[in-house]
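# Residue-level structural notes
Residue strings, one per chain:
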Amino acid sequence: MSQKLLFFVDEGGFEDFTPLFIEQGFSVDFEDSQRKATKLAKKNTYQVLVAEFSHNPEFRDRVSNIESLLATLEGSSPQAKIVILYDEMNQPQLDQLKARYRMDATLKFPINKDLLCQFIV
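The following paragraphs examine the structure supplied in this document.

The rules behind these values
Residues numbered from 1 in each chain as written. Predicted model: local features only at pLDDT ≥ 70, side-chain atom pairs only at ≥ 80, totals over all residues. Heavy atoms only, no water. Helix = DSSP H or I, 4+ residues; strand = E, 2+ residues; numbered from the N terminus. Rg over C-alpha atoms; globule rule 2.2 N^0.38 Å. Buried < 20%, exposed > 50% of the residue type's maximum accessible area, 1.4 Å probe, protein only. Contact = heavy atoms within 4.5 Å. Areas by Shrake-Rupley, 256 points an atom, 1.4 Å probe, with all protein chains shown as cover. Lys, Arg positive; Asp, Glu negative; His and termini not counted. Charge placed at Lys NZ, Arg CZ, Asp CG, Glu CD. Polar contact = N/O pair within 3.5 Å; in protein donor to acceptor, adjacent residues only side chain to side chain. Salt bridge = Lys/Arg side-chain N within 4 Å of Asp/Glu carboxyl O. Arc of directions from axis to C-beta. Patch = residues over 30% accessible without salt bridge, like charges linked within 9 Å, V, L, I, M, F, W, Y side chains within 5 Å. Pairing = 2+ DSSP bridges. Axes fitted to C-alpha atoms, helices over the stretch in contact; angles between N-to-C directions. Core = buried A, V, L, I, M, F, W, Y, C linked by side-chain atoms within 4.5 Å.

### A few points about the overall build of the protein
Each helix and strand in the protein was counted, giving 5 helices and 5 strands. Traced from its N-terminal end to its C-terminal end, the protein shows the element sequence β-α-β-α-β-α-β-α-β-α. For 121 residues, the compact-globule estimate of 2.2 N^0.38 gives 14 Å, and the C-alpha radius of gyration of the protein, at 13 Å, lies within 12% of that figure. Classification of the 121 residues of the protein by burial places 44% in the buried group. In the protein, the proportion of contacts linking residues at least 24 apart, taken out of those at least 6 apart, comes to 63%. Split by element, the accessible area of the protein, about 6700 Å² in all, is 46% carbon and sulfur. Treating the 14 positive side-chain charges of the protein as one cloud and the 18 negative ones as another, the clouds have centres 7 Å apart.

Below, the structure written as structure tokens:
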């Protein structure tokens, strides 16, 4: 049975790493809707989550786009490695999120593929 990886992209604008994840032996679920990604996280057990972090000042009760996803993953896949991709301008908001949720790695754009591979295996 191959390992499962959930790849969540919110805004995009960067390379699709799906082929890289498949090369590393993962079965990949790609999602660009936070709600659909959260549903997938409820139904499946993942070994790895790679998620794009974004912050919108219009969020009232949340710091970011991935809080629901991280909370769901804590319950359904508590052993999953969590790798967050982010823009350096969102560092203060990411730091707030790190205080609440476990993250195994955070990588800022542009993403170094070799480093990404190190964190997912």
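### What to know about the environment of Q91
By the element assignment, Q91 lies in helix 4 (residues 91–100). Expressed as a C-alpha distance, the spacing of Q91 and L69, which sit 22 residues apart in the sequence, is 19 Å. Here Y86 takes part through its side chain, which lies 2.7 Å from a polar atom of the side chain of Q91.

### Looking at the pattern of salt bridges
Within the structure shown, the criterion is met by 5 salt bridges. Close ionic contact of D29 with K4 constitutes a salt bridge, the shortest N to O distance being 3.5 Å. You can see D29 sitting in strand 2 (residues 26–31) and its partner K4 sitting in strand 1 (residues 3–8), a full 25 residues away along the chain. With a relative accessible area of 22%, K4 lands in the partly exposed category.

### Quick word on helix 5 (residues 113–120)
Where helix 5 is concerned, the buried positions are L116, C117 and I120. End-on view of helix 5: buried residues confined to an arc of 100°, all on one side of the axis. Structural note: helix 5 exposes D114 and Q118 on the side pointing more than 90 degrees away from its buried face. Contacts from the buried residues of helix 5 go to strand 1, helix 1 (18–23), strand 2, strand 3 (48–52), strand 4 (81–86) and strand 5 (105–108).

### Quick notes on a negative patch on the surface
A grouping of D10, E11, D32 and D87 is seen on the molecular surface, where their side chains present a negatively charged patch. Structurally, D32 is set in the loop between strand 2 and helix 2 (34–43).

### Considering the sheet that holds strand 1
Picture the strands of a sheet paired through backbone hydrogen bonds; they go either parallel or antiparallel. Read from one edge to the other, the open sheet built from 5 strands follows the order 2-1-3-4-5, with strand pairing classed as parallel. A strand with exactly one partner marks an edge of an open sheet, and here the two such strands are strand 2 and strand 5. Here the strands of the sheet are splayed against their neighbours by 15° on average, with no regard to which way each runs. Strand direction decides the pairing type here: strand 1 and strand 2, joined by 6 bridges, are parallel. When the sheet's bridge partners are listed, F7 is paired in strand 2 with F30. Packed on one face of the sheet, helix 3 (residues 67–76) meets strand 1, strand 3 and strand 4 and runs near 175° to strand 3. In the packing of helix 5 onto the sheet, the strands contacted are strand 1, strand 2, strand 3, strand 4 and strand 5, and the crossing angle to strand 4 comes to about 155°.

### Examining the nonpolar core
Ranked by size, the top nonpolar core spans 21 residues in total, and within it L49, I66, L70 and I84 carry the most contacts. When residues of this core are traced back to their parent elements, those giving at least two are strand 1, helix 2, strand 3, helix 3, strand 4 and helix 4. Leave out the neighbours within four places in its chain, and L70 touches L49, I82, L97, Y101 and M103.

These figures capture arrangement, not role.
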